[in-house]
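Geometric and topological summary
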Amino acid sequence: MYCVGCERFLTEKELRDGKCPDHLIEPQLIEEENYFFRMGKYQDRLRRHIEDHPDFIRPDGYRKEVLAMLREPIGDLCISRPKSRLTWGIEIPFDHRYVTYVWFDALINYASGLKYQGEEFFQKFWPETQHFIGKDIVKPHGVFWPTMLMAAGLPLYKHLNVHGFWTVEGQKMSKSLGNTVAPLDVKARIGMDAFRYFLLRESVFGQDPDYRNDSLITRYNTDLANNFGNLISRVLTMQQKYFAGEVQPLSAAWAAEDTELRDKFARAERELHSYMAELQFHRALEAVWSALDHANRYVVQTAPFTLIKDPAKQPRVGEVLHHLLEVVRTLTRLLAPFLPDTAKELRALLGLADDGGSLSAPWGQGFAPGHKIRPPKVLFPRIESEPKK
């Protein structure tokens, strides 16, 4: 039973009401000679590897899915198609009458692409290889590919990371429904950084997130325009207004609220790295925004806009703003993977070199007294909700 749309053979178990579940057409009954890969020979070995390495396939739900496949005989894999029926494809090197099944040929490129650069290159990068795939192609990557590597005597890749599919307003994206999202249109409206932030903040890796225009606007205005953008604007505005943009020195003894602010961002950075390693991008951003919220409370708590009215307290205002500039510098570093264009903009506003060193310096050592900060600019202007039709 062969599905022309999939260009592969299907078993009875894979059919849904006698049809291919992806293309919703009945498969053709075909009889032909082909070459096979003895995949079943490596079934038990693959199952043991997955059981012994719980994070080999993640999230865990897809690991369980592959283990369920391996509880049944997986048999041999048909890896060729006769040229008489299928003209396109890569010719099998040992028999010119056949082309290679695409899910056999394509997978090999993961390894051969590195091998092409030389054995030393392969040995350096292959052990750290991460595969990122959609949930509909778990079987080729989670069963076909690792058994192929075993047969070739090559080590397995490090992780198979499986993502879900975005829906729109609770519905599956469909050309016929016309409910697809055009990324470049969203970029033109809110910018690529904001779009990237929304996608990573709103989704849980491995699950099916839902794209809603109202959620996009709310997330943009609340997180980026208000919490983030407003803090940056307030800090840089006060720095210009009170000290003409020149960074003031820090005293040797910090106030308790200053130390608490530093510690909050140090904790956020530790959590960010931990969550990123686990592909929990939304949690990584939550950790940073928790620290950002604390910084906004710090502004209210220290009230530099009130202290500046007393000339005797001007040094303290300089210290508070210095710590807040450290907040901006730390945010520039932490958010660079999520908001790369914004991070570049912040480096320019802070007058920091684009060498990484000035961003990674310990808290309190990022700015020398007298360092000049540029005037603020609006990073994320608020957007209004579109009127409902």
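Worth saying up front: this structure is predicted, and the values here are computed from it rather than measured. (Residues numbered from 1 in each chain as written. Predicted model: local features only at pLDDT ≥ 70, side-chain atom pairs only at ≥ 80, totals over all residues. Heavy atoms only, no water.)

Focus on unusual backbone geometry
Cis geometry marks the peptide bond from arginine 58 to proline 59, where omega comes out at 0 degrees. With respect to the secondary-structure elements, proline 59 resides in the loop between β4 (57-58) and α2 (60-70). One non-glycine residue with positive phi stands out, namely alanine 244, at about 55 degrees. The topology assignment puts alanine 244 in the loop between α8 (213-243) and α9 (256-277). Alanine 244 sits in the partly exposed class, given a relative accessible area of 43%. Of note, the phi angle at alanine 303 is positive, near 50 degrees, even though the residue is not glycine. Summarising the element assignment, alanine 303 is placed in the loop between α10 (281-302) and α11 (304-307). (Helix = DSSP H or I, 4+ residues; strand = E, 2+ residues; numbered from the N terminus. Buried < 20%, exposed > 50% of the residue type's maximum accessible area, 1.4 Å probe, protein only.)

Some details on the pairing of strand β9 (residues 159-163)
The buried fraction of β9 is high, at four of five residues. The pairing of strand β8 (residues 130-134) with β9 spans five bridges and is classified as parallel. Looking at the pairing, histidine 131 lines up with leucine 160 of β9. The parallel pair β8 and β9, bridged by helix α5 (residues 138-152), forms a crossover whose chirality is right-handed. (Pairing = 2+ DSSP bridges. Right-handed = clockwise from strand over helix to strand, strands pointing away.)

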